[in-house]
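# What the coordinates show
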Amino acid sequence: SQKIEQNSEALNIQEGKTATLTCNYTNYSPAYLQWYRQDPGRGPVFLLLIRENEKEKRKERLKVTFDTTLKQSLFHITASQPADSATYLCALYRGSTLGRLYFGRGTQLTVWP
Amino acid sequence: DAGVIQSPRHEVTEMGQEVTLRCKPISGHDYLFWYRQTMMRGLELLIYFNNNVPIDDSGMPEDRFSAKMPNASFSTLKIQPSEPRDSAVYFCASSWGIRDSGGILSYNEQFFGPGTRLTVL
């Protein structure tokens with residue numbers, strides 16, 4: 001079965017620094033990866049999608065990379081702010097006619113002033 | 001659109017009682033997913049539907065859990081009888097897929113509801 005590991009359960013950084021979150025997967029190579037943000041008491045919210053043939057994707061202060069050789073995706077938040085504090089989940093799609101995503105357990109990011 | 005709607009938002013019940021969770025997906029979405037989230041196990045997929053048809057229910061923990069989708073705008077997740085270990089936050093999510101000529105999904109962002117926090121005493 002697909003296994004997804006996110007580097008750590010918690011990451012604490014100072015405001016203004018770059019946060020880097022890691023998502024590693026085993027077994028199947030995904031057609032694409034998605035990253036979600038989850039705030040306490042709320043459902044996950046989609047942030048970015050990166051396909052297997054893409055190396056990097058950016059959206060404002062967010063950047064995602066995808067290395068199919070290392071079986072790893074990195075999620076970066078530059079110039080981090082306390083408002084970026086949340087849990088970030090990666091999810092992969094294996095590439096089939098079916099629609100399910102496989103989610104990691106998430107990394108809780110805290111940005112302190 | 002109001003997004004994915006779930007009810008109730010909170011449910012407290014006693015062991016052995018029947019619990020029904022409800023979900024209204026976003027209009028036009030052809031996929032509906034039921035997830036359970038706990039601190040110990042993270043976000044687990046229980047079952048999902050495509051065009052109202054159950055596709056994969058391998059995540060349903062046991063026969064006490066059942067899910068239905070009688071039409072494109074409504075789904076239920078039922079637990080009967082409920083047990084304390086069922087306590088968790090249950091999310092419903094919906095999505096629509098862009099497919100290539102081979103039927104492979106090229107995009108399927110999932111939209112999550114606010115969740116139902118279930119406590120079984």
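What comes next is a walk through the structure. (Residues numbered from 1 in each chain as written. Chains lettered and ligands numbered in written order. Predicted model: local features only at pLDDT ≥ 70, side-chain atom pairs only at ≥ 80, totals over all residues. Heavy atoms only, no water.)

## A word on the overall build of chain B
What counts here: Secondary structure elements are taken from DSSP: a helix is a run of H or I of four residues or more, a strand is a run of E of two residues or more, and numbering for both begins at the N terminus. Computed with the Shrake-Rupley method and a 1.4 Å probe, the accessible areas treat only the protein chains shown as cover for residues. Positive charges are assigned to Lys and Arg, negative charges to Asp and Glu, while His and the chain termini are left out of the count. Charge coordinates come from a single atom per side chain, which is NZ of Lys, CZ of Arg, CG of Asp or CD of Glu.
When helices and strands are counted, chain B shows zero helices and 13 strands. Traced from its N-terminal end to its C-terminal end, chain B shows the element sequence β-β-β-β-β-β-β-β-β-β-β-β-β. The principal-axis extents of the C-alpha atoms in chain B amount to approximately 50 × 30 × 30 Å. If you sum the accessible surface of chain B, you get close to 5900 Å²; carbon and sulfur atoms cover 52% of it. One way to put it: in chain B the 11 positive side-chain charges average out to a point 4 Å from where the 14 negative ones average out.

## A look at the packing of aromatic side chains
We apply this condition: A pair of Phe, Tyr and Trp rings is counted when the ring centres sit within 6.5 Å of each other, with Trp represented by its six-membered ring. The angle between the planes then sorts it: under 30 degrees is stacked, over 60 is edge-to-face, the rest tilted. A simple rule labels every residue: compare its accessible area, found with a 1.4 Å probe on the protein chains alone, to the largest value its type can have, and call it buried under 20%, exposed over 50%, or partly exposed in between. Here, over-ring charges are defined by two tests on the NZ atom of lysine or the CZ atom of arginine: distance to the ring centre within 6 Å, and angle to the ring normal within 35 degrees.
All told, the structure shown has 15 aromatic pairs over all chains when counted by the stated rule. On the basis of an interplanar angle of 35° and a centroid distance of 4.8 Å, the ring pair of Tyr-32 of chain A and Tyr-93 of chain A is categorised as tilted. With Tyr-32 of chain A in strand E4 (residues 32-38) and Tyr-93 of chain A in strand E9 (residues 86-93), the pair connects residues that are 61 residues apart, well separated along the chain. Tyr-32 of chain A sits in the buried class, given a relative accessible area of 1%. Using a relative accessible area of 1% as the deciding quantity, one classes Tyr-93 of chain A as buried. Between Phe-103 of chain A and Tyr-35 of chain B, the aromatic rings sit 5.6 Å apart at their centres with planes inclined by 90°, giving edge-to-face as the arrangement. Linking Phe-103 of chain A in strand E10 (residues 102-103) with Tyr-35 of chain B in strand E4 (residues 31-38), this pair reaches from one chain into another. Members of the aromatic cluster, joined through ring pairs, are Tyr-36, Phe-46 and Phe-103 of chain A together with Tyr-31, Phe-33, Tyr-35, Tyr-48, Phe-91 and Phe-112 of chain B. Lying across the ring of Tyr-102 of chain A, Arg-100 of chain A places its NZ or CZ 4.0 Å from the centre.

## Observations regarding the sheet that holds strand E6 (residues 56-59) of chain A
Residue and element names in this part refer to chain A. Here is the rule: Pairing between two strands is assigned when DSSP locates at least 2 bridges connecting them. To get an axis, a line is fitted to the C-alpha atoms, and for a helix only the part in contact is used. The angle between two axes follows their N-to-C directions and goes from 0 to 180 degrees.
Strand order across the open sheet formed by five strands is E1-E3-E8-E7-E6, with antiparallel pairing between neighbours. Edge positions in the sheet fall to strand E1 (4-6) and E6, since each of these pairs with one other strand and no more. Mean inter-strand twist for the sheet, computed between neighbouring axes without regard to direction, equals 15°. Bridge count for E6 against strand E7 (residues 62-67) is four bridges, and the pairing is antiparallel. When the sheet's bridge partners are listed, Arg-58 is paired in E7 with Lys-63.

## Here we look at unusual backbone geometry
The step from Ser-7 of chain B to Pro-8 of chain B runs through a cis peptide bond, and the omega angle for that step is -10°. Here Pro-8 of chain B lies in the loop between strand E1 (5-7) and strand E2 (10-13). Residue Pro-81 of chain B is bonded to the preceding Gln-80 of chain B through a cis peptide linkage, with omega at -5°. Note that Pro-81 of chain B resides in the loop between strand E8 (74-79) and strand E9 (88-95). The phi angle at Glu-60 of chain A is positive, at roughly 55°, despite the residue not being glycine. The topology assignment puts Glu-60 of chain A in the loop between E6 and E7. Located in the positive-phi region is Asn-52 of chain B, a residue other than glycine, with phi close to 75°. With a relative accessible area of 29%, Asn-52 of chain B lands in the partly exposed category.

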